[in-house]
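Structural characterization, general
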Amino acid sequence: MSQQHEADRAIDAIAAEMTSAHAPELRARVLEQLDGRRGGWLLPIGVSVAAIALAVGIAVHSHSAAPQAAATVARSDVRAATPLPPVHDSSPASTLSERSPQRTVATARAPIQGIEPAHPDLPALLPPSPLTISDIQPKPLEIRPLVTELLVVERIQIADEP
Amino acid sequence: MSTRPVTCAITELLIIGADGQTQPTCRDEPGVRALVTAAQTGHREAFGELVALHERVVFRTALAALRTREDAEDVSQEAFVAAWRKLHRFRGDSTFRTWILRIVWRKAIDRRRLRRLWWQRTQAHGNHDVAGTEQIGAPDASPEQRAIARDLERRTRKAIDRLSPKLRDALLLAASGEHTYEEIAATLDAPVGTVKWRVAEARRKLRDELEV
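Please read these numbers as outputs of a predicted model, since none were measured by experiment. (Residues numbered from 1 in each chain as written. Chains lettered and ligands numbered in written order. Predicted model: local features only at pLDDT ≥ 70, side-chain atom pairs only at ≥ 80, totals over all residues. Heavy atoms only, no water.)

1. Some remarks on the overall build of chain B
For chain B, the helix and strand inventory stands at ten helices and zero strands. Taken from the N to the C terminus, the helices and strands of chain B come in the order α-α-α-α-α-α-α-α-α-α. Here chain B holds 212 residues, and the buried ones make up 44% of them. Long-range pairs, those at least 24 residues apart, make up 66% of the contacts in chain B between residues at least 6 apart in sequence. Surface exposure of chain B reaches about 11500 Å², of which carbon and sulfur atoms provide 51%. (Helix = DSSP H or I, 4+ residues; strand = E, 2+ residues; numbered from the N terminus. Buried < 20%, exposed > 50% of the residue type's maximum accessible area, 1.4 Å probe, protein only. Contact = heavy atoms within 4.5 Å. Areas by Shrake-Rupley, 256 points an atom, 1.4 Å probe, with all protein chains shown as cover.)

Quick look at the structure:
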(Lines give C-alpha, C1' and ligand atoms only; values in the text may rest on other atoms or scores of the structure.)
Protein backbone atom coordinates (compact mmCIF):
# COMPACT_ATOMS: atom_id res chain seq x y z
CA MET A 1 0.00 0.00 0.00
CA SER A 2 2.81 2.34 0.88
CA GLN A 3 4.61 1.47 -2.31
CA GLN A 4 1.49 2.26 -4.31
CA HIS A 5 1.14 5.54 -2.48
CA GLU A 6 4.73 6.43 -3.30
CA ALA A 7 4.18 5.56 -6.93
CA ASP A 8 1.08 7.75 -7.04
CA ARG A 9 3.00 10.60 -5.51
CA ALA A 10 5.72 10.26 -8.12
CA ILE A 11 3.16 10.15 -10.90
CA ASP A 12 1.37 13.19 -9.51
CA ALA A 13 4.65 15.07 -9.23
CA ILE A 14 5.51 14.42 -12.86
CA ALA A 15 1.96 15.18 -13.97
CA ALA A 16 2.02 18.42 -12.01
CA GLU A 17 5.32 19.35 -13.60
CA MET A 18 3.81 18.80 -17.03
CA THR A 19 1.48 21.72 -16.37
CA SER A 20 3.82 23.80 -14.26
CA ALA A 21 4.47 26.81 -16.38
CA HIS A 22 3.27 30.33 -16.42
CA ALA A 23 2.35 32.69 -19.20
CA PRO A 24 4.39 35.84 -18.95
CA GLU A 25 2.61 39.11 -19.56
CA LEU A 26 -0.70 37.38 -20.13
CA ARG A 27 -2.64 40.16 -18.47
CA ALA A 28 -0.89 42.82 -20.51
CA ARG A 29 -1.50 40.94 -23.74
CA VAL A 30 -5.17 40.43 -22.92
CA LEU A 31 -5.67 44.09 -22.16
CA GLU A 32 -3.75 45.05 -25.25
CA GLN A 33 -5.99 42.85 -27.32
CA LEU A 34 -9.05 44.38 -25.70
CA ASP A 35 -7.77 47.84 -26.53
CA GLY A 36 -6.96 46.76 -30.04
CA ARG A 37 -10.48 45.48 -30.48
CA ARG A 38 -12.09 48.62 -29.15
CA GLY A 39 -13.16 49.72 -32.62
CA GLY A 40 -12.67 46.35 -34.15
CA TRP A 41 -16.32 45.45 -33.98
CA LEU A 42 -17.09 48.40 -36.24
CA LEU A 43 -15.20 46.90 -39.16
CA PRO A 44 -17.34 43.80 -39.72
CA ILE A 45 -20.49 45.84 -39.22
CA GLY A 46 -19.30 48.42 -41.72
CA VAL A 47 -18.41 45.77 -44.25
CA SER A 48 -21.80 44.12 -43.78
CA VAL A 49 -23.65 47.40 -44.23
CA ALA A 50 -21.62 48.22 -47.33
CA ALA A 51 -22.31 44.79 -48.79
CA ILE A 52 -26.03 45.10 -48.12
CA ALA A 53 -26.11 48.59 -49.61
CA LEU A 54 -24.28 47.34 -52.68
CA ALA A 55 -26.68 44.43 -53.09
CA VAL A 56 -29.70 46.71 -52.70
CA GLY A 57 -28.22 49.17 -55.17
CA ILE A 58 -27.66 46.48 -57.74
CA ALA A 59 -31.17 45.15 -57.24
CA VAL A 60 -32.74 48.60 -57.58
CA HIS A 61 -30.65 49.36 -60.63
CA SER A 62 -31.59 46.12 -62.33
CA HIS A 63 -35.28 46.68 -61.57
CA SER A 64 -35.26 50.24 -62.83
CA ALA A 65 -33.35 49.40 -66.02
CA ALA A 66 -36.32 47.82 -67.83
CA PRO A 67 -38.89 50.60 -67.23
CA GLN A 68 -36.29 53.20 -68.11
CA ALA A 69 -35.65 51.51 -71.43
CA ALA A 70 -39.36 51.52 -72.23
CA ALA A 71 -39.64 55.16 -71.26
CA THR A 72 -36.70 56.01 -73.47
CA VAL A 73 -38.42 54.44 -76.42
CA ALA A 74 -41.61 56.30 -75.67
CA ARG A 75 -39.90 59.63 -75.40
CA SER A 76 -37.72 59.29 -78.44
CA ASP A 77 -40.06 61.22 -80.70
CA VAL A 78 -40.36 64.09 -78.29
CA ARG A 79 -36.64 64.07 -77.81
CA ALA A 80 -35.98 64.67 -81.47
CA ALA A 81 -38.59 67.36 -81.83
CA THR A 82 -37.98 69.52 -78.76
CA PRO A 83 -34.45 69.60 -77.49
CA LEU A 84 -34.18 70.90 -73.95
CA PRO A 85 -32.19 73.95 -73.04
CA PRO A 86 -28.90 73.26 -71.29
CA VAL A 87 -28.89 73.13 -67.49
CA HIS A 88 -26.76 75.66 -65.63
CA ASP A 89 -25.83 74.07 -62.36
CA SER A 90 -23.76 77.03 -61.24
CA SER A 91 -26.69 79.39 -61.16
CA PRO A 92 -27.03 80.68 -57.64
CA ALA A 93 -30.66 81.51 -58.04
CA SER A 94 -31.72 78.02 -58.91
CA THR A 95 -32.70 75.85 -55.99
CA LEU A 96 -32.21 72.18 -55.63
CA SER A 97 -35.89 71.50 -56.12
CA GLU A 98 -35.83 73.42 -59.39
CA ARG A 99 -32.66 71.95 -60.71
CA SER A 100 -33.14 68.34 -59.92
CA PRO A 101 -35.88 67.47 -62.46
CA GLN A 102 -34.11 69.34 -65.24
CA ARG A 103 -30.81 67.70 -64.50
CA THR A 104 -32.43 64.31 -64.48
CA VAL A 105 -34.25 64.87 -67.73
CA ALA A 106 -31.25 66.47 -69.40
CA THR A 107 -29.11 63.54 -68.42
CA ALA A 108 -31.65 61.15 -69.78
CA ARG A 109 -32.02 63.13 -73.00
CA ALA A 110 -28.38 63.53 -73.83
CA PRO A 111 -28.02 63.49 -77.61
CA ILE A 112 -26.58 60.35 -79.07
CA GLN A 113 -23.33 61.18 -80.74
CA GLY A 114 -21.66 59.24 -83.47
CA ILE A 115 -18.83 57.02 -82.40
CA GLU A 116 -15.51 58.38 -83.52
CA PRO A 117 -13.31 55.68 -85.02
CA ALA A 118 -10.07 54.86 -83.37
CA HIS A 119 -8.37 54.71 -86.76
CA PRO A 120 -8.56 57.85 -88.96
CA ASP A 121 -9.06 55.87 -92.18
CA LEU A 122 -12.18 54.24 -90.98
CA PRO A 123 -15.49 56.07 -91.46
CA ALA A 124 -17.28 57.28 -88.42
CA LEU A 125 -20.18 55.18 -87.28
CA LEU A 126 -23.49 56.85 -87.73
CA PRO A 127 -25.71 57.21 -84.72
CA PRO A 128 -28.47 54.65 -84.63
CA SER A 129 -31.79 55.70 -86.04
CA PRO A 130 -34.29 56.57 -83.38
CA LEU A 131 -36.70 53.80 -82.51
CA THR A 132 -40.35 54.74 -82.66
CA ILE A 133 -43.39 52.99 -81.41
CA SER A 134 -44.56 52.31 -84.94
CA ASP A 135 -41.35 50.43 -85.56
CA ILE A 136 -42.10 47.89 -82.96
CA GLN A 137 -45.86 47.64 -83.42
CA PRO A 138 -47.05 44.31 -84.83
CA LYS A 139 -48.41 44.48 -88.30
CA PRO A 140 -52.10 43.66 -88.68
CA LEU A 141 -52.88 40.23 -89.89
CA GLU A 142 -54.29 40.10 -93.35
CA ILE A 143 -56.02 37.03 -94.66
CA ARG A 144 -56.39 37.06 -98.34
CA PRO A 145 -58.93 34.86 -100.11
CA LEU A 146 -57.46 31.67 -101.28
CA VAL A 147 -57.02 31.66 -105.04
CA THR A 148 -57.19 28.33 -106.72
CA GLU A 149 -56.70 27.69 -110.38
CA LEU A 150 -59.11 25.49 -112.28
CA LEU A 151 -58.00 22.04 -112.79
CA VAL A 152 -58.34 21.06 -116.45
CA VAL A 153 -58.32 17.44 -117.27
CA GLU A 154 -58.06 16.51 -120.87
CA ARG A 155 -60.37 14.00 -122.23
CA ILE A 156 -59.10 10.53 -122.22
CA GLN A 157 -59.00 9.05 -125.62
CA ILE A 158 -59.06 5.36 -126.07
CA ALA A 159 -57.58 4.30 -129.43
CA ASP A 160 -58.80 0.77 -129.43
CA GLU A 161 -62.37 1.85 -129.18
CA PRO A 162 -64.60 0.21 -131.86
CA MET B 1 -37.08 29.32 -9.27
CA SER B 2 -33.36 28.96 -8.89
CA THR B 3 -31.34 28.55 -12.04
CA ARG B 4 -28.17 27.50 -10.29
CA PRO B 5 -26.56 24.41 -11.73
CA VAL B 6 -26.93 21.10 -9.97
CA THR B 7 -23.19 20.66 -9.58
CA CYS B 8 -23.09 23.96 -7.75
CA ALA B 9 -25.75 22.91 -5.29
CA ILE B 10 -24.09 19.54 -4.74
CA THR B 11 -20.77 21.22 -4.13
CA GLU B 12 -22.34 23.48 -1.57
CA LEU B 13 -23.92 20.58 0.23
CA LEU B 14 -20.67 18.66 0.22
CA ILE B 15 -18.69 21.54 1.57
CA ILE B 16 -21.27 22.44 4.17
CA GLY B 17 -21.69 18.83 5.19
CA ALA B 18 -17.98 18.10 5.44
CA ASP B 19 -16.67 21.25 7.08
CA GLY B 20 -19.74 22.73 8.63
CA GLN B 21 -19.06 26.00 6.83
CA THR B 22 -21.93 28.06 5.62
CA GLN B 23 -20.11 30.00 2.96
CA PRO B 24 -21.34 28.83 -0.39
CA THR B 25 -18.65 27.85 -2.85
CA CYS B 26 -20.61 28.81 -5.92
CA ARG B 27 -20.44 32.50 -5.20
CA ASP B 28 -17.47 34.72 -5.61
CA GLU B 29 -15.87 36.46 -2.74
CA PRO B 30 -16.99 40.08 -2.33
CA GLY B 31 -13.78 41.42 -3.84
CA VAL B 32 -14.06 39.27 -6.93
CA ARG B 33 -17.75 40.03 -7.18
CA ALA B 34 -17.02 43.73 -7.12
CA LEU B 35 -14.43 43.32 -9.83
CA VAL B 36 -16.86 41.36 -11.96
CA THR B 37 -19.53 43.99 -11.48
CA ALA B 38 -17.13 46.76 -12.40
CA ALA B 39 -15.90 44.84 -15.42
CA GLN B 40 -19.46 44.27 -16.53
CA THR B 41 -19.91 48.01 -16.67
CA GLY B 42 -16.90 48.30 -18.96
CA HIS B 43 -14.16 48.88 -16.43
CA ARG B 44 -11.08 47.46 -18.13
CA GLU B 45 -8.81 47.77 -15.15
CA ALA B 46 -11.20 45.71 -13.09
CA PHE B 47 -11.16 43.06 -15.76
CA GLY B 48 -7.38 43.27 -15.77
CA GLU B 49 -7.45 42.46 -12.08
CA LEU B 50 -9.65 39.47 -12.77
CA VAL B 51 -7.15 38.33 -15.38
CA ALA B 52 -4.32 38.72 -12.91
CA LEU B 53 -6.20 36.70 -10.32
CA HIS B 54 -6.99 33.83 -12.65
CA GLU B 55 -4.26 33.79 -15.26
CA ARG B 56 -2.30 31.07 -13.51
CA VAL B 57 -5.14 28.60 -13.16
CA VAL B 58 -6.43 29.39 -16.62
CA PHE B 59 -3.03 28.88 -18.20
CA ARG B 60 -2.39 25.61 -16.38
CA THR B 61 -5.81 24.36 -17.37
CA ALA B 62 -5.10 25.13 -21.00
CA LEU B 63 -1.69 23.52 -20.64
CA ALA B 64 -3.25 20.35 -19.24
CA ALA B 65 -5.37 20.05 -22.35
CA LEU B 66 -2.88 21.20 -24.96
CA ARG B 67 0.53 20.39 -23.49
CA THR B 68 2.33 23.09 -25.45
CA ARG B 69 3.12 26.45 -24.01
CA GLU B 70 2.36 28.41 -27.16
CA ASP B 71 -1.05 26.86 -27.61
CA ALA B 72 -1.85 27.27 -23.94
CA GLU B 73 -0.91 30.95 -24.06
CA ASP B 74 -3.00 31.55 -27.15
CA VAL B 75 -6.00 29.76 -25.76
CA SER B 76 -5.72 31.50 -22.40
CA GLN B 77 -5.65 34.84 -24.14
CA GLU B 78 -8.59 33.90 -26.33
CA ALA B 79 -10.52 32.72 -23.29
CA PHE B 80 -10.07 35.99 -21.45
CA VAL B 81 -11.02 38.01 -24.49
CA ALA B 82 -14.09 35.83 -24.96
CA ALA B 83 -14.92 36.27 -21.29
CA TRP B 84 -14.70 40.03 -21.68
CA ARG B 85 -17.12 39.92 -24.58
CA LYS B 86 -19.53 37.56 -22.82
CA LEU B 87 -19.23 39.14 -19.42
CA HIS B 88 -22.69 40.63 -19.61
CA ARG B 89 -24.06 37.08 -19.71
CA PHE B 90 -22.37 36.09 -16.47
CA ARG B 91 -25.13 35.97 -13.87
CA GLY B 92 -23.17 34.68 -10.93
CA ASP B 93 -24.72 31.22 -11.01
CA SER B 94 -21.21 29.89 -10.58
CA THR B 95 -18.00 31.52 -9.51
CA PHE B 96 -16.15 33.60 -12.04
CA ARG B 97 -13.31 31.12 -11.70
CA THR B 98 -15.50 28.17 -12.71
CA TRP B 99 -16.99 30.21 -15.53
CA ILE B 100 -13.63 31.19 -17.00
CA LEU B 101 -12.31 27.66 -16.56
CA ARG B 102 -15.17 26.29 -18.60
CA ILE B 103 -14.47 28.83 -21.32
CA VAL B 104 -10.78 28.06 -21.50
CA TRP B 105 -11.42 24.33 -21.41
CA ARG B 106 -13.85 24.46 -24.31
CA LYS B 107 -11.42 26.53 -26.33
CA ALA B 108 -8.55 24.22 -25.48
CA ILE B 109 -10.52 21.14 -26.50
CA ASP B 110 -11.52 22.81 -29.75
CA ARG B 111 -7.92 23.56 -30.51
CA ARG B 112 -6.85 20.08 -29.54
CA ARG B 113 -9.32 18.61 -32.00
CA LEU B 114 -8.09 20.88 -34.73
CA ARG B 115 -4.49 19.99 -34.12
CA ARG B 116 -4.92 16.30 -33.49
CA LEU B 117 -2.60 15.28 -36.28
CA TRP B 118 0.05 17.69 -35.18
CA TRP B 119 -0.42 16.52 -31.63
CA GLN B 120 0.01 12.88 -32.54
CA ARG B 121 3.20 13.67 -34.44
CA THR B 122 4.51 15.52 -31.42
CA GLN B 123 3.70 12.57 -29.21
CA ALA B 124 5.38 10.15 -31.59
CA HIS B 125 8.60 12.12 -31.41
CA GLY B 126 8.33 12.68 -27.71
CA ASN B 127 8.81 16.38 -28.26
CA HIS B 128 7.28 18.19 -25.34
CA ASP B 129 7.45 21.87 -25.12
CA VAL B 130 6.59 21.95 -21.48
CA ALA B 131 9.51 22.50 -19.22
CA GLY B 132 10.57 19.32 -17.53
CA THR B 133 13.96 19.91 -16.09
CA GLU B 134 13.02 19.43 -12.48
CA GLN B 135 14.81 16.43 -11.12
CA ILE B 136 12.90 13.64 -9.51
CA GLY B 137 14.49 12.21 -6.46
CA ALA B 138 16.53 13.41 -3.60
CA PRO B 139 19.06 16.18 -4.34
CA ASP B 140 21.80 14.22 -2.64
CA ALA B 141 21.18 11.11 -4.74
CA SER B 142 23.99 9.41 -6.51
CA PRO B 143 24.46 9.87 -10.26
CA GLU B 144 23.12 6.38 -10.81
CA GLN B 145 19.99 7.09 -8.79
CA ARG B 146 19.51 10.34 -10.66
CA ALA B 147 19.79 8.55 -13.97
CA ILE B 148 17.19 6.05 -12.84
CA ALA B 149 14.90 8.88 -11.71
CA ARG B 150 15.31 10.68 -15.03
CA ASP B 151 14.50 7.51 -16.90
CA LEU B 152 11.43 6.98 -14.75
CA GLU B 153 10.34 10.53 -15.37
CA ARG B 154 10.78 10.15 -19.12
CA ARG B 155 8.82 6.91 -19.17
CA THR B 156 6.10 8.39 -16.97
CA ARG B 157 5.68 11.35 -19.30
CA LYS B 158 5.34 9.08 -22.28
CA ALA B 159 2.90 6.86 -20.42
CA ILE B 160 0.80 9.90 -19.48
CA ASP B 161 0.78 10.97 -23.09
CA ARG B 162 -0.47 7.54 -24.08
CA LEU B 163 -3.43 7.70 -21.72
CA SER B 164 -6.83 8.31 -23.20
CA PRO B 165 -7.72 12.02 -23.26
CA LYS B 166 -10.37 11.62 -20.58
CA LEU B 167 -8.01 9.95 -18.13
CA ARG B 168 -5.13 12.25 -18.99
CA ASP B 169 -7.18 15.43 -18.65
CA ALA B 170 -8.50 14.41 -15.26
CA LEU B 171 -5.07 13.39 -14.02
CA LEU B 172 -3.29 16.53 -15.20
CA LEU B 173 -5.95 18.83 -13.84
CA ALA B 174 -6.00 17.04 -10.51
CA ALA B 175 -2.25 16.85 -10.26
CA SER B 176 -1.79 20.52 -11.06
CA GLY B 177 -2.98 21.34 -7.57
CA GLU B 178 -4.94 24.30 -8.88
CA HIS B 179 -8.36 22.70 -8.85
CA THR B 180 -10.71 20.98 -6.51
CA TYR B 181 -12.45 17.89 -7.79
CA GLU B 182 -15.64 19.91 -7.95
CA GLU B 183 -14.00 22.46 -10.20
CA ILE B 184 -12.61 19.75 -12.41
CA ALA B 185 -16.04 18.20 -12.61
CA ALA B 186 -17.57 21.53 -13.58
CA THR B 187 -14.82 22.16 -16.11
CA LEU B 188 -15.07 18.73 -17.71
CA ASP B 189 -18.84 18.70 -17.38
CA ALA B 190 -18.74 15.36 -15.61
CA PRO B 191 -19.84 14.16 -12.19
CA VAL B 192 -17.36 14.44 -9.35
CA GLY B 193 -17.34 10.70 -8.83
CA THR B 194 -16.49 10.14 -12.46
CA VAL B 195 -13.60 12.55 -12.23
CA LYS B 196 -12.24 10.81 -9.15
CA TRP B 197 -12.54 7.45 -10.88
CA ARG B 198 -10.71 8.77 -13.94
CA VAL B 199 -7.84 10.04 -11.82
CA ALA B 200 -7.59 6.76 -9.93
CA GLU B 201 -7.80 4.78 -13.16
CA ALA B 202 -5.11 6.90 -14.77
CA ARG B 203 -2.80 6.29 -11.85
CA ARG B 204 -3.52 2.57 -11.91
CA LYS B 205 -2.74 2.32 -15.60
CA LEU B 206 0.46 4.25 -15.16
CA ARG B 207 1.55 2.05 -12.29
CA ASP B 208 0.86 -1.05 -14.33
CA GLU B 209 2.74 0.29 -17.32
CA LEU B 210 5.68 1.52 -15.34
CA GLU B 211 5.65 -1.57 -13.12
CA VAL B 212 6.13 0.45 -9.99
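2. So, the overall build of chain A
Assigned secondary structure in chain A consists of five helices and zero strands. Its helices and strands in sequence order give chain A the pattern α-α-α-α-α, from N to C terminus. Within chain A, buried positions represent 13% of all 162 residues. For chain A, the accessible area works out to roughly 13700 Å², and carbon and sulfur atoms hold 64% of it.

3. Here's the deal with helix 4 (residues 69-86) of chain B
Relative to the 26 Å expected for 18 residues at 1.5 Å per residue, helix 4 of chain B spans 25 Å between its end C-alpha atoms, a close match to the ideal helical length. For helix 4 of chain B, every residue scored as buried is listed here: D71, A72, E73, V75, S76, Q77, A79, F80, V81, A82, A83 and W84 of chain B. (Expected span 1.5 Å × (residues − 1).)

4. A closer look at unusual backbone geometry
Phi angles above zero are rare outside glycine, and E25 of chain A is one such case at about 60°. By the secondary structure assignment, E25 of chain A is in the loop between helix 1 (2-18) and helix 2 (26-36). For E25 of chain A, a relative accessible area of 57% translates into the label exposed. Of note in the backbone geometry, R67 of chain B takes a positive phi value of approximately 70° without being a glycine.

5. Points about the pattern of salt bridges
Two side chains bearing opposite charge may form a pair once their charged atoms approach each other closely. Taken as a whole and assessed by the stated rule, the structure comprises 23 salt bridges over all chains. Measuring nitrogen to oxygen at the nearest pair gives 3.8 Å for the salt bridge that ties E142 of chain A to R144 of chain A. Here E142 of chain A and R144 of chain A have matching classes, each one exposed. For R111 of chain B, the salt bridge is made with E78 of chain B, and the minimal N-O distance between the two is 2.9 Å. On the criterion of sequence distance, the pair formed by R111 of chain B in helix 5 (residues 96-114) and E78 of chain B in helix 4 is long-range, its members being 33 residues apart. (Salt bridge = Lys/Arg side-chain N within 4 Å of Asp/Glu carboxyl O.)

6. Some thoughts on helix 5 of chain B
Its 19 residues place the ends of helix 5 of chain B 27 Å apart at the C-alpha level, agreeing with the 27 Å of an ideal helix rising 1.5 Å per residue. Every buried residue of helix 5 of chain B is listed here: F96, T98, W99, I100, L101, I103, V104, W105, A108, I109, R111 and R112 of chain B.

7. Notes on the interface of chain B and chain A
Facing the 41 residues of chain B at the interface are 27 residues of chain A. For the pair chain B and chain A, the two sides together bury roughly 3200 Å², of which 62% comes from carbon and sulfur. Interface area lost by chain B to chain A is led by R44, Q77 and R207 of chain B, which between them contribute 19%. Summed over the shared surface of chain B and chain A, the number is six salt bridges. For R29 of chain A, the salt bridge is made with E73 of chain B, and the minimal N-O distance between the two is 3.6 Å. Counting every contact that joins chain B to chain A gives eleven residue pairs in polar contact (both at pLDDT 80 or more). Elements with a contribution of two residues or more to the side of chain B that touches chain A: helix 3 (44-66), helix 4, helix 7 (143-162), helix 8 (165-175) and helix 10 (192-210) of chain B. Here the element with the most residues in the side of chain B that touches chain A is helix 3 of chain B; it accounts for twelve residues. Partitioned by chemical class, the residues of the side of chain B that touches chain A number 19 nonpolar, seven polar and 15 charged. (Buried area = accessible area lost by both parts, 1.4 Å probe. Polar contact = N/O pair within 3.5 Å; in protein donor to acceptor, adjacent residues only side chain to side chain. Nonpolar A, V, L, I, M, F, W, Y, C, P; charged D, E, K, R; others polar.)

8. A closer look at a positive patch on the surface
Together, R85, K86, R89 and R106 of chain B make up a region of like positive charge exposed at the surface. Residue placement: K86 of chain B occurs in helix 4. (Patch = residues over 30% accessible without salt bridge, like charges linked within 9 Å, V, L, I, M, F, W, Y side chains within 5 Å. Lys, Arg positive; Asp, Glu negative; His and termini not counted. Charge placed at Lys NZ, Arg CZ, Asp CG, Glu CD.)

9. What about the nonpolar core?
Membership of the largest hydrophobic core comes to 63 residues, with the highest contact counts inside it found for F47, F80, F96, I160, L171 and L188 of chain B. What L188 of chain B contacts, discounting residues up to four positions off in sequence, is W105, D169, A170, L173, V195 and R198 of chain B. (Core = buried A, V, L, I, M, F, W, Y, C linked by side-chain atoms within 4.5 Å.)

10. Structural notes on the environment of K107 of chain B
Residues and elements named next belong to chain B. You can see K107 is positioned in helix 5. On the basis of relative accessibility, which here comes to 27%, the residue K107 falls in the partly exposed class. Sequence separation of K107 and A79 is 28 residues, and the distance between their C-alpha atoms is 7.0 Å. Not counting chain neighbours up to four residues away, the residues in contact with K107 comprise V75, E78, A79 and A82.

11. Some details on a nonpolar patch on the surface
A contiguous nonpolar surface patch, about 280 Å² in accessible area, is contributed by I52, V56 and V60 of chain A. Locating V56 of chain A in the fold gives a position in helix 3 (residues 42-81).

12. Describing the confidence of the model for chain A
Residue-level pLDDT values for chain A average 70, and 58% of them are 70 or greater. Note that pLDDT drops below 50 for residues 87-108 of chain A; the model gives that stretch 13 contacts with residues more than four away or on any other chain. (pLDDT = per-residue confidence, 0-100.)

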